[in-house]
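# What the coordinates show
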Amino acid sequence: MLEIFTGSGLAAAAGMNAYIPLLMVGLANRFLPQFISVPDGWAWLSNPWVLGIIGVLLVVELVADKIPAVDSVNDVLQTVVRPASGGLVFGSSSGASTMAVTDPAEFFTTHQWVPIVIGIVIALGVHGLKTTARPVANAVTLGAAAPIMSTVEDFSSVALSVFALILPVLAILGVIAVIVLGVLLVRRRRRGRSDTPLTPATEQ
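Structure report, in brief. All figures in this text were calculated on a predicted structure; none of them were measured in a lab.

### A short note on the overall build of the chain
In terms of helices and strands, the chain carries seven helices and two strands. The secondary structure elements of the chain, listed N-terminal to C-terminal, are α-α-β-α-α-β-α-α-α. Burial analysis of the chain (204 residues in total) assigns 42% to the buried set. A sequence separation of at least 24 residues applies to 77% of the contacts in the chain between residues at least 6 apart. Per element, the accessible surface of the chain, about 10,800 Å² overall, is 73% carbon and sulfur.

### Side note on helix 3 (residues 48–64)
The end-to-end C-alpha distance of helix 3, which contains 17 residues, comes to 24 Å, matching closely the 24 Å that a straight helix rising 1.5 Å per residue would cover. If you check which residues of helix 3 are buried, you get Leu51, Ile54, Gly55, Leu58, Glu61 and Ala64.

### Topic: the packing of helix 2 (residues 19–31) against helix 3
Contact pair helix 2 / helix 3: the axes reach a minimum separation of 9 Å and the direction vectors enclose 150°. Compared by their axis directions, helix 2 and helix 3 come out roughly antiparallel. Handedness of the helix 2/helix 3 crossing: left-handed. In this structure, helix 2 uses Tyr19, Ile20, Leu22, Leu23, Gly26, Leu27 and Arg30 to contact helix 3, whose residues at the interface are Pro48, Leu51, Ile54, Gly55, Leu57, Leu58 and Glu61.

### Re helix 4 (residues 70–93)
When the terminal C-alpha atoms of helix 4 are compared, their 32 Å separation across 24 residues agrees well with the 34 Å that a helix rising 1.5 Å per residue should span. Maximum bend of helix 4: about 55°, positioned at Gln78.

### Section: a nonpolar patch on the surface
Taken together, Val158, Val162, Phe163, Ile166, Leu167, Val169, Leu170, Leu173, Ile176, Val180 and Leu184 make up a surface patch of nonpolar side chains, about 860 Å² in accessible area. Broken down by secondary-structure element, the contributors of at least two residues to the nonpolar patch are helix 6 (145–166) and helix 7 (168–195). For the nonpolar patch, the element with the highest residue contribution is helix 7, accounting for six residues. By the element assignment, Val169 lies in helix 7.

### A few points about the nonpolar core
In terms of nonpolar packing, the biggest core is built from 20 residues, with Leu10, Val25 and Ile36 touching the most fellow members. Secondary structure elements with two or more residues in this core: helix 1 (2–16), helix 2, helix 3 and helix 6. For this core, the element with the highest residue contribution is helix 2, accounting for six residues. Among residues more than four places away in sequence, those in contact with Leu10 are Pro21, Val25, Val89, Ser93, Ser161, Ala164 and Leu165.

### Points about the environment of Gln78
Topologically, Gln78 is positioned in helix 4. Setting aside residues no more than four positions away along its own chain, Gln78 makes contact with Ala18, Tyr19, Glu61, Pro83 and His127. For Gln78, the side chain forms a polar contact with the side chain of Glu61, separated by 3.4 Å.

### What about unusual backbone geometry?
Glycine aside, a negative phi is what most residues show, and trans is what most peptide bonds show. A positive phi is found at Ala69, a non-glycine position, where the angle reads about 75°. Within the secondary structure layout, Ala69 lies in the loop between helix 3 and helix 4. With relative accessibility at 55%, the residue Ala69 sits in the exposed group.

### So, the environment of Ala146
Take Ala146: it is sitting in helix 6. Take Ala146: its relative accessible area is 0%, and that puts it in the buried class. Note: C-alpha distance between Ala146 and Ser72 (74 residues apart in sequence) is 9.5 Å. When sequence neighbours within four positions are dropped, the list of residues in contact with Ala146 reads Asp65, Lys66, Pro68, Asp71, Arg134 and Asn138.

### Focus on the pattern of salt bridges
Under the criterion given, the structure shown has five salt bridges. Between Asp75 and Arg82 there is a salt bridge, and its shortest N-O distance comes to 2.9 Å. A salt bridge links Lys130 to Glu153; the nearest nitrogen and oxygen atoms lie 2.3 Å apart. Residue Lys130 is found in helix 5 (residues 113–141), and its partner Glu153 is found in helix 6; the two are separated by 23 residues along the sequence. Taken individually, Lys130 and Glu153 each receive the classification buried, so the pair is uniform in this respect. Salt bridges sharing common partners tie together Glu61, Asp75 and Arg82.

Thresholds, definitions, all that
- Residues numbered from 1 in each chain as written.
- Predicted model: local features only at pLDDT ≥ 70, side-chain atom pairs only at ≥ 80, totals over all residues.
- Heavy atoms only, no water.
- Helix = DSSP H or I, 4+ residues; strand = E, 2+ residues; numbered from the N terminus.
- Buried < 20%, exposed > 50% of the residue type's maximum accessible area, 1.4 Å probe, protein only.
- Contact = heavy atoms within 4.5 Å.
- Areas by Shrake-Rupley, 256 points an atom, 1.4 Å probe, with all protein chains shown as cover.
- Expected span 1.5 Å × (residues − 1).
- Axes fitted to C-alpha atoms, helices over the stretch in contact; angles between N-to-C directions.
- Parallel < 35°, antiparallel > 145°, perpendicular 65-115°, else oblique.
- Left-handed = near helix turned anticlockwise from the far one by under 90°.
- Bend = angle between axes of the 7 residues up to and from the residue.
- Patch = residues over 30% accessible without salt bridge, like charges linked within 9 Å, V, L, I, M, F, W, Y side chains within 5 Å.
- Salt bridge = Lys/Arg side-chain N within 4 Å of Asp/Glu carboxyl O.
- Core = buried A, V, L, I, M, F, W, Y, C linked by side-chain atoms within 4.5 Å.
- Polar contact = N/O pair within 3.5 Å; in protein donor to acceptor, adjacent residues only side chain to side chain.

Written as structure tokens, this is what we have:
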């Protein structure tokens, strides 16, 4: 069960920022094998060239996501990238040995595509909540919320990734909190639309 918690935490983190969990998994596997050791098939994540490319993409993401209007365009582009990242981190972590998971093969013994699909779905769900809430916040605050929300999301992505590798139970609680908050924001947006009075038709 901890494999699910670890993968879910990393996938949810990817839904907020595609590159943070990828970079953390790759760096941890390369320099801190006591935290995570991915299967041989996923060892490319810790390749120096791969880590360098992910690092550059992360810097671009950190800047673009904090600029009003640009962040919305970036979210559209990330609709493919974030779910893909979620699938990668879930797939790699579900077969990895971490401080909390010592025998991952017990859970996913067959159907190796299953954890990847689960990661894609989780990351896509979190990404959908993010892209729904951000335009509303930007409109209400005239763009002032963009850098604040982006920074909070970045820190949340880092925290979820760390917890997923060390304390998976806390990671799953974080995932639940993100989902609840996102649902509340979506409901508030819909309620605001329903409460908006309609313009009466001009009398003839």
